[in-house]
Amino acid sequence: MKILVATEKPFAAAAVEGIKKVAQEEGHEIVLLEKYQEKQQLLDAVADVDAMIVRSDKVDKEVLDAAKNLKIVVRAGAGYDSIDTAYAKEKGVVVENTPGQNSNAVAELVFGLLVFTVRNFFNGKSGSELKGKKLGILAFGNVGRNVARIAKGFDMDIYAYDEYCPKDVIEQSGVHAVDSRDDLFKTCDVVSLHIPATPETKSSINYDVVNLMKKGGILLNTARKEVIDEEGLLKLMAEREDLKYITDIKPDADEAFKKFEGRYFSTPKKMGAQTAEANINAGIAAAKQIGAFFKDGCTKFQVNK
Ligand code: 3PG
């Protein structure tokens, strides 16, 4: 079978080697499309492939229609909001993700960004420490749990809220479980977002909820830009000069946020999962899942059942 690895933001070379090795062992052929600039390049590349491995690459109706032989798309990562899963289902194309494979990388970046923030973006002025501060984790999935694990090393006071995770599961991890999202924002000095982008979460981090934060609150987003109500957050940051917004996903209104100098930072390109380890873990998991799909019909990680 022909497997296309389509990554506008490429994997580390070692991950690509690993993917090729796994595919070759299963008798499949790998075709690479990295750093493409135009959608047409993707449309041309998918024309005759049986499977695809992607990152945040957009797999929409047009791509799915152009991929006449496609049977499976594996998102090497967690969030699959960039894939039209419903249309794929209509066309009989299996969509899978590789949950947990890149979550440590994202969690480590949370702390890189946090230290950078509380030390005033390394501008030389006296900052503060994370020890003893209240950290709020919104959604206790693979990334949220890794964030909690690392936060213990910083001796932070850790809180979490996840509407799909029972409170006792959170508490078994040595984390305070709060009753609501509002309580998390009210309680914590820092709130770190780990919710997926879904119709329910879209624009859900809005003026009212962020305004619940205490003086000096830090909102940290390594999840998705779509979960933020950018207009509401801009309005709030203009009103509250104490709040900071730090993100790994450049907002659409990046230019407007930039005026909050010293209170806003965005990485130029989403960096959370951009480590060799995460690329290797997620890339090889994707290749193995495709191997199992063609060999045994395994669809364990299917997200569009
Ligand atoms: C994910 O959903 O797995 C992360 O956001 C990483 O995305 P990326 O592969 O596009 O860096």
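This structure is a prediction, so every number in the text was calculated from the model and none was measured.

Caption draft 1: Spotlight on the packing of aromatic side chains. According to the stated counting rule, one finds nine aromatic pairs in the structure shown. Measuring from centroid to centroid gives 5.1 Å for Phe111 and Phe154, while their planes differ by 10 degrees, and the two rings are stacked. With Phe111 in helix H5 (residues 103–118) and Phe154 in the loop between helix H6 (142–153) and strand S7 (157–161), this pair connects stretches of sequence that are 43 residues apart. Of the residues examined, Phe111 reaches a relative accessible area of 4% and is grouped as buried. Looking at Phe154, the relative accessible area reads 31%, which means it is partly exposed. Measuring from ring centre to ring centre gives 4.9 Å for Phe116 and Phe265, while their planes differ by 75 degrees; the resulting arrangement is edge-to-face.

Caption draft 2: Quick look at the side chain of Thr117. Note that Thr117 resides in helix H5. Each residue touching Thr117, except ones within four places of it in the same chain, is listed here: Ile218, Lys244 and Ile246.

Caption draft 3: Geometry of the sheet that holds strand S10 (residues 218–221). Pairing is parallel in the open sheet, where seven strands are placed in the order S8-S7-S6-S9-S10-S11-S12. Whereas interior strands pair on both sides, the edge strands pair on one side only; in this sheet they are strand S8 (176–177) and strand S12 (264–266). As defined by bridge partners, S7 adjoins S8 across two bridges and the pair is classed as parallel. Across the sheet, the residue bridging to Ala160 is Ala177, located in S8. Where H6 meets the sheet, its contacts fall on strand S6 (134–138) and S7, and the angle it forms with S6 comes to roughly 165 degrees.

Caption draft 4: The arrangement of the site of the ligand in detail. With respect to spatial proximity, the complete set of residues near the ligand consists of Lys9, Arg55, Ser56, Arg75, Gly77, Ala78, Gly79, Asn102, Arg224, Lys270 and Ala273. One of the side-chain nitrogen or oxygen atoms of Arg55 is found 2.9 Å away from an oxygen atom of the ligand. In this structure, Arg75 approaches the ligand through a side-chain N or O atom, which is 3.0 Å from an oxygen atom. The protein chains hide 93% of the 320 Å² of surface that the ligand would expose on its own. A class-by-class count of the residues in the shell around the ligand yields two nonpolar, four polar and five charged.

Caption draft 5: Structural context of the sheet that holds strand S5 (residues 94–97). Strand order in the open sheet formed by five strands is S2-S1-S3-S4-S5, and the pairing between neighbours is parallel. Each edge of the sheet is formed by a strand with only one pairing partner; in this case those strands are strand S2 (29–34) and S5. Within this sheet the neighbouring strands show an average axis-to-axis angle of 20 degrees, counted without direction. With four bridges joining them, strand S1 (residues 2–7) and strand S3 (residues 51–54) adopt parallel strand pairing. What sits directly across from Leu4, in S3, is Met52. Helix-sheet contacts for helix H1 (residues 13–25) involve S1, S2 and S3, and the interaxial angle to S2 is about 155 degrees. Across the face of the sheet, helix H12 (residues 276–296) comes into contact with S1, S3, strand S4 (72–75) and S5 while running at roughly 160 degrees to S3.

Caption draft 6: Looking closely at the UniProt feature "domain: D-isomer specific 2-hydroxyacid dehydrogenase NAD-binding" (unreviewed entry) in the chain. Under the local residue numbering, the UniProt record ascribes the feature "domain: D-isomer specific 2-hydroxyacid dehydrogenase NAD-binding" (unreviewed entry) to residues 125–249. Helix makes up 31% of residues 125–249 and strand 19%, whereas the separation of the span's terminal C-alpha atoms amounts to 26 Å.

Caption draft 7: Representation of the side chain of Ser192. Along the chain, Ser192 turns up in strand S9 (residues 190–193). Here Ser192 falls in the buried class, since its relative accessible area comes to 0%. Separated by 2.7 Å, the side chains of Ser192 and His194 make a polar contact. Setting aside chain neighbours within four positions, we find Ser192 in contact with Val110, Leu135, Gly136, Ile137, Leu138 and Leu220.

So, how was this worked out
Residues numbered from 1 in each chain as written. Predicted model: local features only at pLDDT ≥ 70, side-chain atom pairs only at ≥ 80, totals over all residues. Heavy atoms only, no water. Phe/Tyr/Trp six-rings, centres within 6.5 Å; stacked < 30°, edge-to-face > 60°. Helix = DSSP H or I, 4+ residues; strand = E, 2+ residues; numbered from the N terminus. Buried < 20%, exposed > 50% of the residue type's maximum accessible area, 1.4 Å probe, protein only. Contact = heavy atoms within 4.5 Å. Pairing = 2+ DSSP bridges. Axes fitted to C-alpha atoms, helices over the stretch in contact; angles between N-to-C directions. Near = heavy atom within 4 Å. Polar contact = N/O pair within 3.5 Å; in protein donor to acceptor, adjacent residues only side chain to side chain. Areas by Shrake-Rupley, 256 points an atom, 1.4 Å probe, with all protein chains shown as cover. Nonpolar A, V, L, I, M, F, W, Y, C, P; charged D, E, K, R; others polar. UniProt positions renumbered as here; feature names shortened; annotations may be inferred.

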